[in-house]
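Structural overview for review
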Amino acid sequence: MEQIKVLIVDDEPLIRHALGTILATDPGIVTVNSVENGQAAVEYCSGNQVDVVLMDLQMPIMDGVSATKSIKSVEDSPSVLAITAFSSDEYLVPVLTAGASGYLVKDSEPDEIIHAIHAVHQGTAAISPSVSSDLVSAVREAYRDNSQDVQELAYDLGITNREFEILKLLARGLNNTEISRTLTISETTVKTHMAKIFVKLDVRDRVQALVAAARMGLIEIPKD
């Protein structure tokens, strides 16, 4: 079985060690290196094969957002999974907009971190449920353009009513299985709709679709 090659990026040695210990419990993952800042991460990715970058956000020399943007500017770049102690809007919006495919808080369970790495490597996305509502709210607050009616925008994009429903469920943090059960449709149908949504929003995964839809004001903010 081919292992997922992961680069750990964090300025705290204890955090790097802890993450490495967690990843070592999964035979499908190998930690290829761990570095202490974003600049070192960019340099390592430019000369080595990396599948997933586990990226801290607050670091000296180059922060995680700048590093993510630089890494994702290259074709066939590794997936970036942000992992930080903060679920603040200050970090959520920029790193996802920069190209990260997921966002986890550091108090996530080990299994959640491992699952997230597999998810982003497979081209889907991962985000801590505790921050998903904050994400939608933050993106809409920061980016919403009220100059165009939502229905008009949806019509222009070709977003169907069913796709609207799926986007709303996506904003609530539901996975494909949960969406299929909620809408009483097959998982294959959900995946087909999701693929069409990606094309229409010009994104590559679930998190980017969530960011784009929220940015355009297409998604209602979930009520806690």
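Keep in mind that what you see is a predicted model, and the values were worked out from it rather than measured.

Turning to the overall build of the protein chain, a few remarks are in order. A tally of regular secondary structure across the protein chain gives eleven helices and six strands. Here the protein chain, with 224 residues, has 49% of them falling under the buried criterion. Of the contacts formed within the protein chain by residues at least 6 apart in sequence, a portion of 66% connects residues at least 24 apart. Element-wise, carbon and sulfur atoms account for 48% of the exposed surface of the protein chain, whose accessible area totals about 11,100 Å².

Attention now goes to the layout of surface pockets. The computed volume of the second largest pocket comes to approximately 150 Å³. In terms of lining residues, the second largest pocket is bounded by T97, L201, D202, V203, R204, Q208, V211, A212, R215 and M216. Among the residues making up the lining of the second largest pocket, the classes are represented as five nonpolar, two polar and three charged.

Turning our eyes to something else, we now look at the pattern of salt bridges. Taken as a whole and assessed by the stated rule, the structure comprises two salt bridges. Ionic pairing is found between R162 and E165, a salt bridge with its closest N-O pair at 3.0 Å. Taken together, the residues R162 and E165, both in helix 8 (residues 161-171) and three residues apart, mark about one turn of the helix. Note that E163 and K200 form a salt bridge whose closest N and O atoms lie 2.9 Å from each other. Here K200 lies in helix 10 (residues 187-201) and E163 lies in helix 8, a separation of 37 residues in the sequence. The buried category is assigned to E163, whose relative accessible area is 2%.

Turning to the pairing of strand 1 (residues 4-9), a few remarks are in order. Working note: regular strand, side chains alternate between the two faces of the sheet. The buried fraction of strand 1 amounts to five of the six residues, a majority that puts the element mostly inside the structure. Examined bridge by bridge, strand 1 and strand 2 (residues 29-35) share six bridges and lie parallel to one another. Its bridge partner lying in strand 2, V9 is registered against V35. Across four bridges, strand 1 lies against strand 3 (residues 52-55) in parallel orientation.

Further remarks concern the pairing of strand 3. A two-sided burial pattern is seen for strand 3, the buried positions comprising V52 and L54 on one face and V53 and M55 on the other. Sheet analysis places strand 3 next to strand 4 (residues 79-84), joined by four bridges and oriented parallel. Paired with M55 across the bridge in strand 4 is A82. Running through helix 3 (residues 64-72), the crossover from strand 3 to the neighbouring parallel element strand 4 is right-handed.

Let us now look at the sheet that holds strand 4. Strand order in the open sheet formed by six strands is 2-1-3-4-5-6, and the pairing between neighbours is parallel. Of all the strands in the sheet, the pair left with one neighbour each is strand 2 and strand 6 (126-127). On the sheet, helix 3 packs against strand 3 and strand 4 and is oriented at approximately 165° with respect to strand 3.

Note on placement: L57 falls in the loop between strand 3 and helix 3. A sequence separation of 28 residues divides L57 from A85, and the C-alpha atoms of the two residues are 8.9 Å apart. Leaving out residues up to four positions away in the same chain, L57 has contacts with D63, G64, V65, A82, T84, Y91, V95 and Y103.

Quick look at the packing of helix 1 (residues 13-23) against helix 5 (residues 110-121) now. In contact at an axis separation of 10 Å, helix 1 and helix 5 are set at 75° when each is read in the N-to-C sense. It follows that helix 1 is roughly perpendicular to helix 5 by the angle criterion. Between helix 1 and helix 5, the contacting residues are L19, I22 and L23 on the first element and P110, I113, I114 and I117 on the second. The residue inventory of the contact of helix 1 with helix 5, partitioned by class, reads seven nonpolar, no polar and no charged.

So, how was this worked out
Within each chain, residue numbers correspond to sequence positions counted from 1 in written order. Given that this is a predicted model, residues contribute local features only at a pLDDT of at least 70 and side-chain atom pairs are listed and counted only at 80 or more, while totals for whole chains, interfaces and linings are drawn from all residues. The side-chain quantities take in all heavy atoms of the structure and omit both hydrogens and water. Counting from the N terminus, the helices are DSSP H or I runs at least four residues long and the strands are E runs at least two residues long. For the exposure calls, accessible area comes from a 1.4 Å probe over protein chains only, and a residue counts as buried if that area is under 20% of its type's maximum, exposed if over 50%, partly exposed in between. Contacts between residues were defined by any pair of non-hydrogen atoms, one from each residue, lying within 4.5 Å. Accessibility throughout is a Shrake-Rupley quantity obtained with a 1.4 Å probe, and a residue counts as covered only by protein chains that appear here. Buriedness for pockets is judged along seven lines, at least five of which must meet protein on both sides within 12 Å for an open set on the 1 Å grid over protein atoms alone, while cavities are sets there where a 1.4 Å probe fits but cannot get out, and lining residues have an atom within 4 Å of a point. Grid points are joined across faces, edges and corners, and a volume is the space filled by probe spheres set on the points. Residues are sorted three ways: Asp, Glu, Lys and Arg are charged, Ala, Val, Leu, Ile, Met, Phe, Trp, Tyr, Cys and Pro are nonpolar, and all the rest, Gly among them, are polar. In what follows, salt bridge is the name for a side-chain nitrogen of Lys or Arg lying within 4 Å of a carboxyl oxygen of Asp or Glu. Pairing between strands requires that DSSP locate at least two bridges from one strand to the other. The handedness of a crossover follows from its direction of travel: if, with the strands pointing away from the viewer, the path from the first strand over the helix to the second runs clockwise, the crossover is right-handed. In this analysis, axes come from line fits to C-alpha atoms, helices being fitted only over the stretch in contact, and the angle between any two N-to-C directions falls in the range 0 to 180 degrees. Angles are sorted into four bins: roughly parallel if under 35 degrees, roughly antiparallel if over 145, roughly perpendicular if 65 to 115, and oblique for all others.

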